[in-house]
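# Commentary on secondary and tertiary structure
Below, each chain spelled out in residue letters.
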Amino acid sequence: MPTTDITNFVQNIDVQTLWPWLLCSTIVLGVRNLFAVPRELRHLPKIPVIPTLLSYVRGEVEDQRIKRLLLPYANRGEPAVIVYALGRWIVHVMDRKIAKDLSADIETYPKEVPPDGLLLWRFVGFQNIILSNGEAWKRHSRVVKTALNRNVPVGEFASLAKKLFTQMGKGGSLHWDDLTMRYTLDAVGTTAIGHDFDAIANGNSPFVSRYNHVMESIANPAYIVMPKLEKWFPRHATIKAIDELVACFQSILAYKKENPGNDMLTYMMEEKDMTDVEFRDNMVVFFIAGHDTTAGAMSSLCYYMAKKPEIQERAREEVRRAMAKSTTGEPTMAELGQMPYLQACIRESLRVNTPITYMVPRAAGKDAVLVGANGREAFIPKDSSVILNITAIHNKDEYWSDPEEFDPERFMSMSESQEKEYDATQWLPFALGARMCPARNFAMYEQRVFAAMLLNEWEWTISPTSPHFDQIQNGFSPFALSLPKDLYLDFKPAAKKA
Ligand code: HEM
């Protein structure tokens, strides 16, 4: 076209007619750019954005999203996929060997400094064991592990279980995930942070209600998919609630300083070179990491035992055999050691409905080609965010026969070396390597004591009209937690042995 024609054409454009088109194109281009896969990740299979976003809009829970959208790729042998969440594309590893190799190299794959501005980080803080790396992490980890390893508070777990049984009265239909949450709150309160929430006796204290409110507010799906919204549309009420809650932790800490007790926080405070902010941030981590997870695990265990009464009965017989000479009804360490079937049930429930669906993102420190267990390779470029997807690995057909099935037998029939191999690769509810959960021993004993006493005292079933009857229903959670929600179980005192 000659230049004069172009000039005429431009002069004749009717802006009034065109502006809706311009606006639409700008929005489309903006959205496309927002969700565009960075060039360096384009070689990896991608979970389509629209189904992912729709899944968040529908409030689909994390474990179901993973099983529906990611697991088919894992079952096709893909070692890794990319998923859009937290405002960016993240590599999800679904292969046991790569999971093991990445976990073994914490220098190259440190925890990512969260780039997303999620309000969760305002609550948890940054100067703690969970988000630190390098020398700072080593210091936090040493202090936390020393505190956790002083003793396993088996006696406290048992007396809290008795307190809960009193609260259960004569049984009947009980809101089980609420009761397990109250139990673990008191367990972590008294043994870890030296504060009695008195949740078993009094339900939710003002402190706990405030915590629940904060977590629910933070967990807004729109803000999880697009954390930038926190910047564009700051949620002042939630920020205020978080700051008030952090101040409550601060005052528990101040009280503890004046009134040391027999709890992990007191032991931690023996460390002279830690600051108050570090104590506080670790205390928040203990509180969050220490009760939701274990409560979810105990709810799931009881759910599966309700669904399979023959398993419940076999575990009860084992517990009663091991505690035949007990006069207190509280299992000793030695008696717990004689309950391998119960241990297998706990391990299987942690596999089939793992409380943490995936780990905190790691930042890849270099370009690397990682080789999966089946020989398939995944190129993971430097600076990508990498997540180890526990749910995908726990449900992969290649690793577990009938993965949806609760079958404790799979752990009973393993040789010791096979079990070690599984624990180092494909059974990872507590993660793997140096950064695995420092409280796994604590959490396993908490479940073993509680479950042994429960089996000894109670029998329970699930009503066929329960929404959980066909499949366990977890609640929506933003932080990779997958915990049964509104699970009612029917309890009655267990028949005494003849
Ligand atoms: C069944 C119960 C539990 C499960 C399934 C569980 C699971 C996990 C997982 C998967 C991680 C690794 C997170 C990551 O690296 O991305 C972790 C870390 C951690 N957990 Fe647990 N946990 C449980 C109970 C507890 C309890 C009771 C406490 C405290 C009393 C606790 C304290 C911690 C801490 C402090 C870390 C951070 C470790 C580090 O980064 O070095 N956990 N847990």
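Each value, and the rule that gives it
- Residues numbered from 1 in each chain as written.
- Predicted model: local features only at pLDDT ≥ 70, side-chain atom pairs only at ≥ 80, totals over all residues.
- Heavy atoms only, no water.
- UniProt positions renumbered as here; feature names shortened; annotations may be inferred.
- Donors = N, O, S within 2.8 Å, 3.2 Å for Na, K, Ca; no water.
- Helix = DSSP H or I, 4+ residues; strand = E, 2+ residues; numbered from the N terminus.
- Phe/Tyr/Trp six-rings, centres within 6.5 Å; stacked < 30°, edge-to-face > 60°.
- Buried < 20%, exposed > 50% of the residue type's maximum accessible area, 1.4 Å probe, protein only.
- Lys NZ or Arg CZ within 6 Å of the ring centre and 35° of its normal.
- Pairing = 2+ DSSP bridges.
- Contact = heavy atoms within 4.5 Å.
- Axes fitted to C-alpha atoms, helices over the stretch in contact; angles between N-to-C directions.
- Near = heavy atom within 4 Å.
- Polar contact = N/O pair within 3.5 Å; in protein donor to acceptor, adjacent residues only side chain to side chain.
- Nonpolar A, V, L, I, M, F, W, Y, C, P; charged D, E, K, R; others polar.
- Parallel < 35°, antiparallel > 145°, perpendicular 65-115°, else oblique.
- Salt bridge = Lys/Arg side-chain N within 4 Å of Asp/Glu carboxyl O.
- Expected span 1.5 Å × (residues − 1).
- Patch = residues over 30% accessible without salt bridge, like charges linked within 9 Å, V, L, I, M, F, W, Y side chains within 5 Å.
- Areas by Shrake-Rupley, 256 points an atom, 1.4 Å probe, with all protein chains shown as cover.
- Lys, Arg positive; Asp, Glu negative; His and termini not counted.
- Charge placed at Lys NZ, Arg CZ, Asp CG, Glu CD.
- Core = buried A, V, L, I, M, F, W, Y, C linked by side-chain atoms within 4.5 Å.

The protein goes by Cytochrome P450 in an unreviewed UniProt entry, where it is assigned to Mycena maculata. In its Subcellular location (unreviewed entry) section, the UniProt entry covering the protein states "Membrane". What UniProt states about the protein under its Pathway (unreviewed entry) heading is, verbatim, "Secondary metabolite biosynthesis; terpenoid biosynthesis."

The next subject is the coordination of the iron atom of the ligand. The sole protein-derived ligand of the iron atom of the ligand is Cys437 (SG), positioned 2.3 Å away. The residue Cys437 is located in the loop between α22 (416-423) and α23 (440-457) in this model.

This part takes up the packing of aromatic side chains. Under the defined criterion, the tally for this structure stands at 24 aromatic pairs. Considering the side-chain rings of Trp400 and Tyr422, the 5.3 Å spacing of their centres and the 80° angle between planes classify their relative orientation as edge-to-face. Of this pair, Trp400 sits in the loop between α20 (390-394) and α21 (409-412) while Tyr422 sits in helix α22; the two residues are 22 residues apart in sequence, bridging distant segments of the chain. Tyr422 sits in the buried class, given a relative accessible area of 17%. For Arg65, the ring lying beneath its charged end belongs to Tyr56, and the centroid distance is 3.8 Å. Between the NZ or CZ atom of Arg314 and the centre of the ring of Tyr341, over which it lies, the distance is 3.8 Å.

With respect to topology, four strands assemble into an open sheet ordered β1-β2-β7-β4, the strand pairing being mixed. Only two strands of the sheet have a single neighbouring strand rather than two, namely β1 (80-85) and β4 (362-363). Note: β4 against strand β7 (residues 385-388), two bridges, orientation antiparallel. Bridge pairing in β7 places Ala363 opposite Ser385. Sheet strands touched by helix α5 (residues 96-104): β2 (88-93) and β7. Its angle to β7, the strand with the most contacts, is close to 120°.

On to the site of the ligand. Lys111, Trp137, Val360, Arg362 and Cys437 are the nearest of the 24 residues found near the ligand. Between the ligand and Ile129 there is a distance of 3.5 Å, counted from an oxygen atom to a backbone nitrogen or oxygen. The contact in question runs from an oxygen atom of the ligand to an N or O atom on the side chain of Arg435, over 3.1 Å. Of the residues forming the shell around the ligand, the biggest block, five residues, is contributed by helix α16 (residues 276-307). The residue makeup of the shell around the ligand, split by class, is 17 nonpolar, four polar and three charged.

So, about the packing of helix α11 (residues 206-218) against α16. One way to put it is that α11 packs onto α16 with a least axis distance of 13 Å and a crossing angle of 90°. Taken together, α11 and α16 sit at an angle that is classed as roughly perpendicular. Facing α11, whose interface residues are Phe207, Tyr211 and Met215, α16 presents Phe287, Ile288, His291 and Asp292. In terms of residue class, the contact of α11 with α16 is made up of five nonpolar, one polar and one charged.

A few words on the pattern of salt bridges. A full pass over the atoms with the stated rule returns 29 salt bridges. For the salt bridge of Arg182 with Asp178, the shortest nitrogen-to-oxygen distance reads 3.2 Å. Remark: Asp178 and Arg182 occur in helix α9 (residues 176-191); sequence separation between them is four residues, near one turn of the helix. What makes Asp178 partly exposed here is its relative accessible area of 26%. Where salt bridges share partners, they join Arg58, Glu60 and Arg68 into one cluster.

This part covers the pairing of β7. Burial along β7 is two-sided: the face carrying Ser385 and Ile387 and the face carrying Val386 and Leu388 are both buried. Across four bridges, the pairing between β2 and β7 is parallel. Within β7, the position partnered with His92 by the bridge is Ile387.

Along an α-helix, residues three or four positions apart point the same way, because every turn accommodates 3.6 residues. Over its 16 residues, helix α7 (residues 134-149) extends 22 Å from the first C-alpha to the last, a length consistent with the 22 Å expected when each residue adds 1.5 Å. Of the surrounding elements, those touching the buried residues of α7 are α15 (264-268), α16 and α23.

Glancing now at the environment of Gln473. Considering the arrangement of structural elements, one finds Gln473 in the loop between β8 (458-461) and β9 (488-493). Separated by 391 residues in sequence, Gln473 and Ile82 have C-alpha atoms that sit 26 Å apart. Once you skip the residues sitting within four places of it in the chain, Gln473 turns out to touch Pro467, His468, Leu483, Pro484 and Lys485. A polar contact is formed between the side chain of Gln473 and the backbone oxygen of Gln471, at a distance of 3.1 Å.

Let us look at the sheet that holds β9. Spatially, the three strands line up as an open sheet ordered β3-β9-β8, and their pairing is antiparallel. At either end of the open sheet lies a strand with only one pairing partner, and these are β3 (172-175) and β8. Here the strands of the sheet are splayed against their neighbours by 40° on average, with no regard to which way each runs.

It is worth spelling out the environment of Pro260 at this point. By the secondary structure assignment, Pro260 is in the loop between α14 (236-258) and α15. Sequence-wise, Pro260 and Asp470 are 210 residues apart; in three dimensions their C-alpha atoms are separated by 48 Å.

On the surface, a cluster of negative charge is made up of Asp397, Glu398, Asp402 and Asp407. Looking at the element boundaries, Glu398 is found in the loop between α20 and α21.

Attention now moves to the nonpolar core. Counting 162 residues, the largest nonpolar core has Phe123, Met168, Trp176, Leu454 and Trp460 as its most contacted members. The greatest single-element share of this core, amounting to 15 residues, is contributed by α16.

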